[in-house]
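Here are the chains, one letter per residue:
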Amino acid sequence: MSKSKPDPSALSPETRLVTAGRGYAEHGFVNPAVYHGSTVLFPTAQSLHDRTQPYVYGRRGTPTSRAVEEAVAMVEGGYRAKMTPSGMAAISTALLAFLEAGDHLLMVDTVYQPARQLCDGLLKRLGIATSYYDPLIGRGIAELIRPNTRVVYTESPGSQTMEVQDIPAIAEAAHKAGALLMIDNTWGAGHYFKAFSHGADVSIQAATKYLVGHSDAMMGTVTCSEPAWERFKNAYEEMGQFAGPDDMYLTLRGIRTLDVRLERHMKNAIDVAEWLRGRDEVETVLYPALSNAPGHELWKRDFRGASGLFSIVLKPCGGKAAEAFLDRLSLFGMGYSWGGFESLAIPFAPHRTATSWTAEGPCIRFHIGLENPEDLKADLAEGFRAMTSTP
Ligand SMILES: *Cc1c(COP(=O)(O)O)cnc(C)c1O
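Below, the structure is looked at part by part.

What counts as what
- Every chain is numbered independently, its residues counted from 1 as its sequence is written.
- For this predicted model, a pLDDT threshold of at least 70 governs which residues receive local features, and a threshold of 80 or more governs which side-chain atom pairs are given and counted, while totals over whole chains, interfaces and linings are taken from all residues.
- Water and hydrogen atoms play no part in the side-chain values, which are based on all heavy atoms of the structure.
- Each residue is tested against the molecule or strand, and it is near if at least one of its non-hydrogen atoms lies within 4 Å.
- What qualifies as a polar contact is a pair of N or O atoms within 3.5 Å, subject to a donor-acceptor requirement within protein and to the restriction that residues adjacent in sequence count only when both atoms come from side chains.
- Using the Shrake-Rupley algorithm and a 1.4 Å probe, accessible areas are obtained, with residue cover drawn only from the displayed protein chains.
- Helix and strand labels come from DSSP, where a helix needs a run of H or I of at least four residues and a strand needs a run of E of at least two; each type is numbered from the N terminus.
- Two aromatic rings from Phe, Tyr or Trp, using only the six-membered ring of Trp, form a pair when their centres are within 6.5 Å; if the ring planes differ by under 30 degrees the pair is stacked, by over 60 it is edge-to-face, and anything between is tilted.
- For every residue, the accessible area (1.4 Å probe, protein chains only) is compared with the maximum for its type, and the residue is labelled buried under 20%, exposed over 50%, or partly exposed between those bounds.
- The rule is short: NZ of Lys or CZ of Arg within 6 Å of the ring centre and within 35 degrees of the ring normal puts a charge over the ring.
- By nonpolar core is meant a set of buried Ala, Val, Leu, Ile, Met, Phe, Trp, Tyr and Cys residues that side-chain atoms within 4.5 Å join together.
- Just so you know, the domain bounds were taken from an automatic or database domain assignment.
- It only takes one pair of heavy atoms within 4.5 Å for two residues to be counted as in contact.
- For two strands to pair, DSSP has to find at least two bridges joining them.
- Think of each axis as a best-fit line through the C-alpha atoms, taken over the contacting stretch in the case of a helix, with angles from 0 to 180 degrees between the N-to-C directions.

Here the focus is the site of the ligand. Around the ligand sit 13 residues in total, of which Gly-87, Met-88, Asp-184, Thr-208 and Lys-209 are the nearest. A distance of 2.8 Å is found between an oxygen atom of the ligand and a backbone nitrogen or oxygen belonging to Met-88. The fraction of the free accessible surface of the ligand (380 Å²) that becomes covered by protein chains is 89%. Among the elements that take part in the shell around the ligand, helix H4 (residues 87-98) stands out by supplying 3 residues, more than any other.

Shown next, in the form of structure tokens:
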């Protein structure tokens, strides 16, 4: 007799990470096989005609892709999910699935910069108009919604500057006007922000970050509510989207340890962020998990935890001083992406069109990895020493 399967809706989020998508493993193995496959054979002409077998062609799904899709949908709390070869491909596929010529898109001003390029480039050429809005607008979004607004796009917290959005209020206004609420849910990883219980119709992740979690694969996910699913799935297939089997497997493997990794990222990040808040060189720490930090109240209301990504604004100093700080760091690498096991630091300059960024000092974004935070603080202290000795 085989063991009975648990009812996913009755499981807590931590247990879901461990059990999700497990039904695709065979022969007693805990994990599914990595299927490298294009052709799937049909035993008879009749079966080819009927297409009743579960797998028909590589791009249409394999046991590996179905396992990870099911796991992502369960983590996010959505209806179903699809995988794309990068986070950016997830954003473009989701937007193109729901928008058409003549439509209007409301895009948050703090969106991930390459997504802004998509709106101002390809989408504009296709006749889709984008206007940008203040991330802190809340229910005021209603006044910006036009008769042809199809999608209200959010990202919370905002890229780089970490503004927390009032997703339930924005979702309510969008739905009242017949528009969809999309969110880039990469920071909360679907585990710390339950987008669908806060009104999202489509939740996108750069799985490249926390789901994969080891800086070794690129992947995107799009999870939909049941009403949004059919239209998205058709567009995904029409655009020929899919992802490589090894990278899909690495995403599934990453999901198993997401809870313990995020918990440690958060603990270390709070420790380092509090320490940075006490430094004379630092003007502001932008990390909603800190009490009294911008966005803390909304974060506390809506999130189950915080990931390890936050930013600081330094007190005004020469550009050379900020460079000296970054160049002296040895545990913090300087590079794009985040969500892996390692700490990173990168300078940035906020780009805004609907709002303005008024802080004068240089901005630095940190990803706090799984190192001992005492070592990280010692490294940062060295950086500050190099900075203050630079004119
Ligand atoms: C990195 C990132 C993306 C893009 O993901 P890629 O896998 O690099 O294409 C999208 N949104 C956010 C918030 C990101 O940090």
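The rest of the description comes next.
In this section: the packing of aromatic side chains. If you walk through the whole model with that rule in mind, you get 11 aromatic pairs. Ring geometry for Phe-332 versus Phe-366: centroids 5.6 Å apart, planes at 70°, classification edge-to-face. On the criterion of sequence distance, the pair formed by Phe-332 in the loop between helix H11 (319-328) and strand E10 (344-348) and Phe-366 in strand E11 (residues 363-367) is long-range, its members being 34 residues apart. Accessibility expressed as a relative area gives 4% for Phe-332, which makes it buried. By the ring-pair criterion, three or more aromatic residues cluster together here, those being Tyr-79, Trp-229, Phe-232 and Tyr-236. A cation sits over an aromatic face here: Arg-116 above Tyr-132, 4.1 Å from the ring centre.

Another point: the nonpolar core. In terms of nonpolar packing, the biggest core is built from 113 residues, with Leu-95, Val-152, Tyr-153, Leu-276, Tyr-287, Phe-310 and Phe-366 touching the most fellow members. Among the domains, domain 1 (9-256) and domain 2 (259-388) are the pair contributing at least three residues each to this core. Non-local contacts of Leu-95, meaning those with residues more than four positions away in its chain, are made with Leu-105, Met-107, Leu-118, Leu-123, Val-151, Tyr-153 and Met-182.

The 7 strands are arranged E1-E7-E6-E5-E4-E2-E3 in an open sheet whose pairing can be described as mixed. Either end of the sheet is taken by a strand with one partner, and the two such strands are strand E1 (80-84) and strand E3 (129-133). Neighbour-to-neighbour, the strand axes of the sheet open up by a mean angle of 20°, direction not taken into account. Across the sheet, helix H5 (residues 113-125) touches strand E2 (104-108) and E3, and the angle it forms with E3 is around 155°. Helix H7 (residues 226-238) rests against E1, strand E6 (202-206) and strand E7 (220-224) of the sheet, and its axis sits at about 25° to E1.

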